[in-house]
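Chains, contacts and geometry: an overview
What follows is each chain in one-letter form.
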Amino acid sequence: MDKPEIIFTFPIALGGVSSFNFNIINNSKLLKNFYSKVILIKNINETRPSFTEKFNVDEQIVFEMSDFENQYHMQKRLSNLLGNAVGAIVTDNGFTMETARRFNNPKTVFSLIHDYYYVNQQVKLNDWADVVIAHSSFFGDAVFASNPDIWDDRVFYIPYGVKQLNQFPEKSKDILNVVFLGRLENSKGVIKLFEIQKLLLEKKVKVNWTIIGKGSLKNELVEQWKNETISFHEPDSTDDVYDLLKKQDVFVFPTTFEGTPVAILEALSCGVVTIVNDLPGGIRDIVTDKIGFRCSGNSIEAYANFIIKLISDKILLNEMQQNCFALANSTYNVENNADKYVELFLKFKTLLRKDKSPIRKLKKLDKPFFPNWVTTSVRKIK
């Protein structure tokens, strides 16, 4: 193989992580300098919908695993897929980083930090990654602060990007169109949307609602909203998402746990003003008073009041929508930012650590001398 190899590993589950990797892989002009492979990790116990879009790579593999299996044998299977060629492993997955360390993979490991979960994971894994990349300055600083000796000159902040439109989309001049985009789960605050709607109705304010996404709360939401003006959508592709977003005015996102939400960037690119919970991380990097509003304490009243503010001041609404569109094009252009990531990946030789800390000991049932079927059987019984 003439080219160095680059392998991306991440869960197959639908969400921001898969969208993030998809945007880099399918939009970088520089990825052609590698032989590229995507390994989609499918935990058979996973209940979230799967990401189904096709990656523009040389190989795409689904790696199945379970919570019951022998860790050594699972890691050995993954190690065989990671191979022994030089190059880069790009992952946010602790299982992948441990596998690369246990079997002394020669590739440079680039660890992606999305939110505080991944900060904590990286602290536990110590120096098993060669490089950390955060798309929020806050979370990059958090990794660096955890151990400056390990991470000096090895933590990079690179904003990521999304698809951009060629021109500002036409918006309705009548009723305000309000959208939610994300997984239909409690952590995304989707149940709180109806509370916001009730406050608006109390104030005799009418808006059109759209909910875009899939998840376990879909049936509950349909029942909750059965007497209201709303539409539900489960688009199959990014293009389908954009077709819906272009018609929207305001993106309401009462999430309680985030890194840098892809949904906010997609809303920006479609000229949609964001109202979001004030969380540290990418939200504060992106959502300023020029393009949106941050609600302290995830206040339902604040969401309703900001919606009313935009309804009553159409000049402000239009100005902020134009600001969204301009910011997306200048700062979050997927083609430009995807290449910034791959430019760093291409430096894999100089970024490889010479020494790494020892690998952790496996639990008794995860030792190599226990056949996988034995470990699996025992854990299922327990």
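Use the structure listed above.
Cut-off values and rules
Residues numbered from 1 in each chain as written. Predicted model: local features only at pLDDT ≥ 70, side-chain atom pairs only at ≥ 80, totals over all residues. Heavy atoms only, no water. Pairing = 2+ DSSP bridges. Helix = DSSP H or I, 4+ residues; strand = E, 2+ residues; numbered from the N terminus. Axes fitted to C-alpha atoms, helices over the stretch in contact; angles between N-to-C directions. Contact = heavy atoms within 4.5 Å. Buried < 20%, exposed > 50% of the residue type's maximum accessible area, 1.4 Å probe, protein only.

Section: the sheet that holds strand 3 (residues 59-65)
Taken in spatial order, the seven strands of this open sheet run 3-2-1-4-5-6-7, and their pairing is parallel. Edge strands, defined here as strands with exactly one partner in the open sheet, are strand 3 and strand 7 (155-157). Mean inter-strand twist for the sheet, computed between neighbouring axes without regard to direction, equals 20 degrees. Across three bridges, the pairing between strand 6 (residues 131-134) and strand 7 is parallel. By the bridge assignment, Ile133 is partnered in strand 7 with Phe156. Along the sheet face, helix 1 (residues 16-25) touches strand 1 (5-11), strand 2 (35-43) and strand 5 (108-113) and points at about 160 degrees away from the line of strand 1. Relative to strand 5, helix 4 (residues 116-125) is tilted by about 145 degrees, and along the sheet it contacts strand 5 and strand 6.

Some points on unusual backbone geometry
Although it is not a glycine, Asn104 adopts a positive phi angle of roughly 50 degrees. The exposure class assigned to Asn104 is exposed, which follows from its relative accessible area of 56%. Even without a glycine there, the phi angle at Asp153 is positive, about 65 degrees. Examined against the element boundaries, Asp153 turns out to sit in the loop between helix 6 (148-151) and strand 7.

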